[in-house]
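Analysis of the macromolecular model
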Amino acid sequence: MKILLKIRYDGGAYCGFQAQPNGVSVQGVLTEAFSGMFGFPCNITGCSRTDSGVHALSFCASVEPKEEILRDTQWCRVPVGKIHRAVNVLLPDDISVVAAAEVPDDFHPRYNVVQKTYEYHILRTPARDPFLHGRAFHAPRRIPEEGIALMRQTAGIFVGKHDFSGYMAAGSKITDAVRTVCAAEVEEKDELLIYRVSADGFLYNMVRIMAGTLLDCAYGRLTPDDADRALRTGDRTAAGFTAPGHGLYLCRVEYDRPVDWLCE
């Protein structure tokens, strides 16, 4: 048995989800909290490796005993629906377990994913907003309506099954860069522009490069044709800049089976 967790976190204070030797990670904080709660070492396995500063509205991770001998016992002595009550008192204010579910041993929080949705938040006001500091990218200058139209046109180019090598950070070790983008849109919400994209998987920095490309098109530094060329040729230099991590949110994770989330 494993326990699947639904987690929300502000990534501003962390080097990302994945444990790192020279930084505080979300995974490290969760591992310490759950190991302390259960009284034995635990493994935490995440659904994704979010970058430094990236946030999550609905991140999924599994928890199970590190020692295999314990996995065959009723190791979880906390009712699944009340795990959030037990562990959140051990977590910092910027990380919260919001629900949990019991899943079988063969379930993997990353490999059983069928679709993820990310949002990139862009603040488009002339002056910065201190209440969105670290939570949205402040666009350097006003984005005109025609610029927003170009962003939407460019977002539509990404939809479909493509080789996204041109939208992957240099130095990535991934050899298969083919992903299927199911939906991509730009929403206007008060002072924010929200780029929302859903796919069966994402490459390293893929959404941040997409967001930077949309902004470069909005400001006339690139055209939708440039964005399309980066997609067709895999030429990273044809795409836009890599937008900062603090504007990015993992919003939804969908699995190949129903998950019975509990929060009592």
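Presented here is an overview of the structure given in this document. (Residues numbered from 1 in each chain as written. Predicted model: local features only at pLDDT ≥ 70, side-chain atom pairs only at ≥ 80, totals over all residues. Heavy atoms only, no water.)

So, the packing of aromatic side chains
Test applied: Any Phe, Tyr or Trp ring, taking Trp's six-membered ring, that has another such ring centre within 6.5 Å forms a pair; planes under 30 degrees apart are called stacked, those over 60 apart edge-to-face, and the others tilted. Where helices and strands are cited, they refer to DSSP runs of H or I of at least four residues and of E of at least two residues respectively, numbered from the N terminus. For each residue, the accessible area found with a 1.4 Å probe, counting protein chains only, is set against the maximum for its type, and the residue is called buried under 20%, exposed over 50%, and partly exposed in between.
Inspection of every chain in the model, using the stated rule, returns 11 aromatic pairs. Between Phe-40 and Trp-75, the aromatic rings sit 6.4 Å apart at their centres with planes inclined by 80 degrees, giving edge-to-face as the arrangement. One end of the pair, Phe-40, is in the loop between α1 (26–38) and β2 (42–46); the other, Trp-75, is in the loop between α2 (68–71) and α3 (83–88), and 35 residues separate them in sequence. The same class applies to Phe-40 and to Trp-75, which are both buried. Chaining the aromatic ring pairs together yields one cluster made of Phe-34, Phe-38, Phe-40 and Trp-75.

What about the nonpolar core?
Let me state the cut-off plainly: As used in this record, nonpolar core signifies buried Ala, Val, Leu, Ile, Met, Phe, Trp, Tyr and Cys residues forming a set joined through side-chain atoms within 4.5 Å. Throughout, a residue-residue contact means that at least one pair of heavy atoms, one from each residue, lies within 4.5 Å.
Counting 80 residues, the largest nonpolar core has Ile-3, Phe-34, Tyr-167 and Tyr-195 as the members making the most contacts within it. It is helix α5 (residues 206–218) that contributes the most residues to this core, eight residues altogether. Apart from residues no more than four positions distant in its own chain, Ile-3 is found in contact with Ala-61, Ser-62, Val-63, Trp-75, Cys-76, Val-80, Ile-83, Ala-100, Ala-101 and Glu-102.

What to know about the side chain of Thr-50
Residue placement: Thr-50 occurs in the loop between β2 and β3 (55–65). For Thr-50, a relative accessible area of 6% corresponds to the buried category.

Overview of the side chain of Glu-119
The criterion, for reference: By the criterion applied in these results, polar contacts are pairs of N or O atoms within 3.5 Å in which, for protein atoms, one can donate a hydrogen and the other can accept it, and in which residues neighboring in sequence qualify only through two side-chain atoms.
With respect to the helices and strands, Glu-119 occurs in strand β5 (residues 113–123). Looking at Glu-119, the relative accessible area reads 11%, which means it is buried. Of the polar contacts made by the side chain of Glu-119, one reaches the side chain of His-121; its length is 2.8 Å. Sequence-distant contacts of Glu-119, that is, excluding residues within four places in its chain, are made with Ile-194, Tyr-195, Arg-196, Gly-247, Leu-248, Tyr-249 and Cys-251.

As for a negative patch on the surface
Definition in use: Like charges are joined within 9 Å and nonpolar side chains (Val, Leu, Ile, Met, Phe, Trp, Tyr) within 5 Å, but only among residues with over 30% relative accessible area and no salt bridge; these make up the patches. Reported accessibility uses the Shrake-Rupley method at a 1.4 Å probe radius. Residues are deemed covered only where the shown protein chains occlude them. Just to be clear on terms, a salt bridge is a Lys or Arg side-chain nitrogen sitting within 4 Å of an Asp or Glu carboxyl oxygen. Asp and Glu count as negative and Lys and Arg as positive, but His and the ends of the chain are not part of the count. Just so you know, the charge point we use is NZ for Lys, CZ for Arg, CG for Asp and CD for Glu.
A contiguous patch of negative charge on the surface is contributed by Glu-68, Asp-72, Asp-105 and Asp-106. Mapped onto the secondary structure, Asp-105 falls in the loop between β4 (95–103) and β5.

Some points on the packing of helix α4 (residues 145–157) against helix α6 (residues 224–233)
Stated formally: Only C-alpha atoms enter the line fits that serve as axes; for helices the fit covers just the stretch in contact. Angles between N-to-C directions range over 0 to 180 degrees. Angles are sorted into four bins: roughly parallel if under 35 degrees, roughly antiparallel if over 145, roughly perpendicular if 65 to 115, and oblique for all others. In this scheme the crossing of two helices becomes right-handed for a clockwise turn of the near helix relative to the far one and left-handed for an anticlockwise turn of less than a right angle. When residue character is reported, Ala, Val, Leu, Ile, Met, Phe, Trp, Tyr, Cys and Pro are called nonpolar, Asp, Glu, Lys and Arg charged, and the others, Gly included, polar.
Where α4 meets α6, the closest approach of the two axes is 9 Å, and the angle between their N-to-C directions is 20 degrees. Judged by the angle between their axes, α4 and α6 are roughly parallel. Crossing of α4 against α6: the hand is right-handed. For the pair α4 and α6, the contacting residues are Leu-150, Gln-153, Thr-154 and Ile-157 in the first and Pro-224, Ala-227, Asp-228 and Leu-231 in the second. When its residues are assigned to classes, the contact of α4 with α6 shows five nonpolar, two polar and one charged.

Some remarks on α6
Rules: By construction, the arc corresponds to the directions joining the helix axis to the C-beta atoms.
For α6, the set of buried residues is Pro-224, Asp-226, Ala-227, Ala-230 and Leu-231. Buried residues along α6 cover an arc of 165 degrees about the axis, so they all sit on one side. Residues of α6 that are exposed and point over 90 degrees away from its buried face: Asp-225, Arg-232 and Thr-233. Next to the buried residues of α6 lie α4, β7 (160–163) and α5. Count one or two residues on from α6 and you reach Gly-234, which has phi positive near 75 degrees.

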